[in-house]
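Each chain is listed here by its residues.
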Amino acid sequence: MRAVIQRVDGASVTVADGAGDGSGPAVVGEIVGEGLCVLVGVTHGDTVEKAAQLARKLWSVRILEGEKSCSDVNAPLLVISQFTLYGDARKGRRPTWNAAAPGELAEPLVDEVVAQLRALGAHVETGRFGADMRVSLTNHGPFTVLVEV
């Protein structure tokens with residue numbers, strides 16, 4: 001699993017048909033104040049154990065103000081599935097997505113990261129798997145870290 005972690009002062013995800021009833025764009029996930037916005041990518045060999053390992057890392061990584069972690073200050077996390085983290089643009093002009101796991105493997109593992117975070121006591125908001133999302137955030141720093149488990 002691969003995650004891009006951004007220290008933020010707030011973040012949200014909007015989906016074109018957020019309510020699912022044709023009423024138009026709606027915010028489906030939002031955190032206010034200091035926290036982490038996390039983009040999560042899944043590859044073919046990833047497992048439930050790796051999802052749990054990533055959740056523990058996200059909850060405990062010390063990148064908030066004053067070298068604190070989300071667990072130290074009960075900061076929220078916004079977790080968003082991002083298959084493009086496994087894009088490969090080394091050859092040609094179009095990236096390939098061969099390393100990205102298919103949705104039927106990726107979605108339950110992203111859900112497992114969220115479930116494991118919540119089991120640790122985290123307040124977690126999410127995007128919507130497979131949706132065309134608009135992510136807004138205020139990156140604090142800017143501070144962005146890549147983590148692989």
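Here's a quick rundown of the structure. Sequence positions are assigned chain by chain, starting from 1 and proceeding in written order. pLDDT decides what is reported in this predicted model: residues at 70 or higher carry local features, side-chain atom pairs at 80 or more are listed and counted, and totals for whole chains, interfaces and linings draw on all residues regardless. No hydrogens and no water enter the side-chain calculation; it runs on all heavy atoms of the structure.

### Re the nonpolar core
Thought 1: For the purposes of this section, nonpolar cores are sets of buried Ala, Val, Leu, Ile, Met, Phe, Trp, Tyr and Cys residues that join through side-chain atoms within 4.5 Å. Burial classes follow relative accessibility: with a 1.4 Å probe on protein chains only, a residue under 20% of its type's maximum area counts as buried, one over 50% as exposed, and anything between as partly exposed. Counting 29 residues, the largest nonpolar core has I5, L36, V38, L77, V79 and L117 as the members making the most contacts within it.
Thought 2: By definition, any uninterrupted DSSP run of H or I lasting at least four residues is a helix, any uninterrupted run of E lasting at least two residues is a strand, and each is numbered from the N terminus. Elements supplying a minimum of two residues to this core: β1 (2-15), β2 (26-41), α1 (48-60), β3 (77-81) and α3 (103-119).
Thought 3: A11, V13, I31 and C37 belong to the second largest nonpolar core, which has 12 residues in total.

### Regarding the packing of α1 against α3
Thought 1: One can describe the packing of α1 onto α3 by two numbers: an axis separation of 8 Å at closest approach and a directional angle of 45°. Taken as axis vectors, α1 and α3 run oblique relative to one another. Crossing geometry of α1 relative to α3 is assigned as right-handed. Contacts between α1 and α3 involve V48, A51, A52, L54, A55, L58 and W59 on the former and, on the latter, L109, E112, V113, Q116 and L117.
Thought 2: Each residue gets one label: Ala, Val, Leu, Ile, Met, Phe, Trp, Tyr, Cys and Pro are nonpolar, Asp, Glu, Lys and Arg are charged, and the others, such as Gly, are polar. Along the lines of polarity and charge, the residues of the contact of α1 with α3 split into 10 nonpolar, one polar and one charged. To get an axis, fit a line to the C-alpha atoms, keeping to the stretch in contact for a helix; angles then go from 0 to 180 degrees between the N-to-C directions. Convention used here: angles under 35 degrees read as roughly parallel, angles over 145 as roughly antiparallel, angles from 65 to 115 as roughly perpendicular, and any remaining angle as oblique. Note: crossing handedness is left-handed where the near helix turns anticlockwise from the far helix by less than a right angle, and right-handed where it turns clockwise. Contact between two residues is taken to exist if any of their heavy atoms lie within 4.5 Å; hydrogens are not considered.

So yeah, pure geometry; function would need other evidence.
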